[in-house]
Amino acid sequence: MLKQRVITALVLLAILLPALFYPSVVPFAVVVLLLMAASAWEWARLNGYGMGPSVAAGIVCVALCALAWQSGWLLQPLTGLWLVGGVLWVLGSAAMLYAGVSGWPRVPVLLRLLGGLLVLWLAWLAAVQARMVGINFLLSALALVWVADIAAYFAGRAFGLRFTKNRLAPSISPGKSWEGVWGGGVGVLGLALVWVVADAAWQAPVASLFTRLASHGGWWLLPAMLFMTAMSVVGDLVESLVKRAAGAKDSSALLPGHGGVLDRVDALLPTLPLAMMFYSLVHTNS
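Quick caveat, the model's predicted, so the values are computed rather than measured.

Undergrad: How should helix 4 (residues 79–103) be read in this particular structure?
TA: What sets the pattern is the α-helix's 3.6 residues per turn: residues three or four places apart point alike. Of all the bends in helix 4, the greatest, near 50°, is centred on Leu 97. Looking only at helix 4, the buried set comprises Trp 82, Gly 85, Gly 86, Trp 89, Ser 93, Met 96, Gly 100 and Gly 103.

Rendered as structure tokens:
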């Protein structure tokens, strides 16, 4: 299993890194589009659709992204879209987590499918626009999620249930603890401070997400980082809820040793649009 995980990770890096650092944004946009299409296929299958309709869901996802690309949306600020997307993520995920695993199957299946496609389309737009802002900006948004996850894992193992009596969401993801969430928040704040200092020391030509927030009096940074850390956890919980409702351990077996694409990008689905929301708000107020 470990060998499988390593080989899969190396193959993914061999594809993603050249696309990320290529001078044009096109290769990166195409690679992320393929990941979103695979995620749409997985989402449809998790919600009870067969192979044919699931493939069609992937095609529709590609078509929606391509339409936005062709229409020039990637070159527009889209502040309103990011704000609406952020609100819908907060309200929709709160409703899902409140209803729990048993509540998900009661949502009309077509509505579930369309909601998933909308989420993936929004995440694609955000990822590509973040790359257009600059590699440093995109990497800082991605690193936020990775550090939140790693710090939460180690904090949960070291301090889980030492300060609280209940797990975070035992019926959805029994391994998660409140201490893990707090540890993730501390890890992200530490990352943000280090990145801001590094941007200043190296005179980064493109400011990171953290530097952009800190440059406006600094008051944006703390609440924004805590909010995005919380939403990264929410993204993971939402996907876990859907998998439990479907009786699935992984979203698919597309990535040997890693499960499915959704298993790898679930926390990024809310955080990338939120990163662009904060970027748009700060940029507008500059």
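Undergrad: Even after reading the chapter, I still don't get the packing of helix 2 (residues 26–46) against helix 3 (residues 51–70), so can you show me in this structure?
TA: The relative placement of two packed helices comes down to the angle between their axes together with the axis-to-axis distance. It is at 8 Å that the axes of helix 2 and helix 3 come closest, and there the two elements cross at 145°. Helix 2 and helix 3 meet at a crossing whose hand is right-handed. Contacts from Val 26, Ala 29, Val 30, Leu 33, Met 36, Ala 37, Ala 40, Trp 41, Ala 44 and Arg 45 of helix 2 reach helix 3 at Met 51, Ser 54, Val 55, Ala 57, Gly 58, Cys 61, Val 62, Cys 65 and Trp 69. Taken together, the residues of the contact of helix 2 with helix 3 break down into 16 nonpolar, two polar and one charged.

Undergrad: Would you take a moment to explain the environment of Leu 226 for this structure?
TA: Note that Leu 226 resides in helix 9 (residues 221–246). Look at Leu 226 and you get partly exposed, because its relative accessible area is 41%.

Undergrad: What exactly am I supposed to notice about the nonpolar core here?
TA: Generally speaking, nonpolar side chains in soluble globular proteins are found buried as a group. Counting 83 residues, the largest nonpolar core has Trp 124, Leu 209, Leu 213 and Met 225 as its most contacted members. In terms of residue count, helix 5 (residues 109–133) provides more of this core than any other element does, 13 residues in total.

Undergrad: Would you explain the side chain of Arg 112 in this entry?
TA: Looking at the element boundaries, Arg 112 is found in helix 5. An unpaired buried charge is present at Arg 112: no salt bridge exists, and Glu 239, the closest side chain of opposite charge, is 14 Å distant. Apart from the residues lying within four places of it in its own chain, the contact partners of Arg 112 are Trp 43, Asn 47, Trp 104, Pro 105 and Val 107.

Reading the values: the criteria
- Just so you know, the residues in each chain are numbered from 1, in the order the chain's sequence is written.
- This being a predicted model, a pLDDT of at least 70 is required before a residue's local features are given, and a value of 80 or more before pairs of side-chain atoms are given or counted; all residues contribute to the totals for chains, interfaces and linings.
- Heavy atoms from the whole structure form the basis of all side-chain values; hydrogens and water molecules are not counted.
- The quantity called bend is, for any residue, the angle between two axes fitted respectively to the seven residues ending at it and the seven beginning at it.
- Only DSSP runs of H or I covering at least 4 residues are called helices, and only runs of E covering at least 2 are called strands; the numbering of each starts at the N terminus.
- Residue burial is assigned from relative accessible area. The probe radius is 1.4 Å, only protein chains are included, and a residue is buried under 20% of its type maximum, exposed over 50%, and partly exposed in between.
- The axes used here are C-alpha line fits, helices contributing only the stretch in contact, and every angle between their N-to-C directions lies in the interval 0 to 180 degrees.
- Crossings are classed by handedness, with left-handed meaning an anticlockwise turn of the near helix from the far one by less than a right angle and right-handed meaning a clockwise turn.
- Only heavy atoms matter for contacts: two residues are in contact if any of them lie within 4.5 Å across the pair.
- When residues are grouped by polarity, Ala, Val, Leu, Ile, Met, Phe, Trp, Tyr, Cys and Pro land in nonpolar, Asp, Glu, Lys and Arg in charged, and all others, Gly among them, in polar.
- Residue types Ala, Val, Leu, Ile, Met, Phe, Trp, Tyr and Cys, when buried and joined through side-chain atoms within 4.5 Å, form a set referred to as a nonpolar core.
- The charge count includes Lys and Arg as positive and Asp and Glu as negative, but it does not include His or the ends of the chains.
- Whenever Lys or Arg places a side-chain nitrogen within 4 Å of a carboxyl oxygen from Asp or Glu, that contact is recorded as a salt bridge.

Any link to function would need more than the numbers given here.
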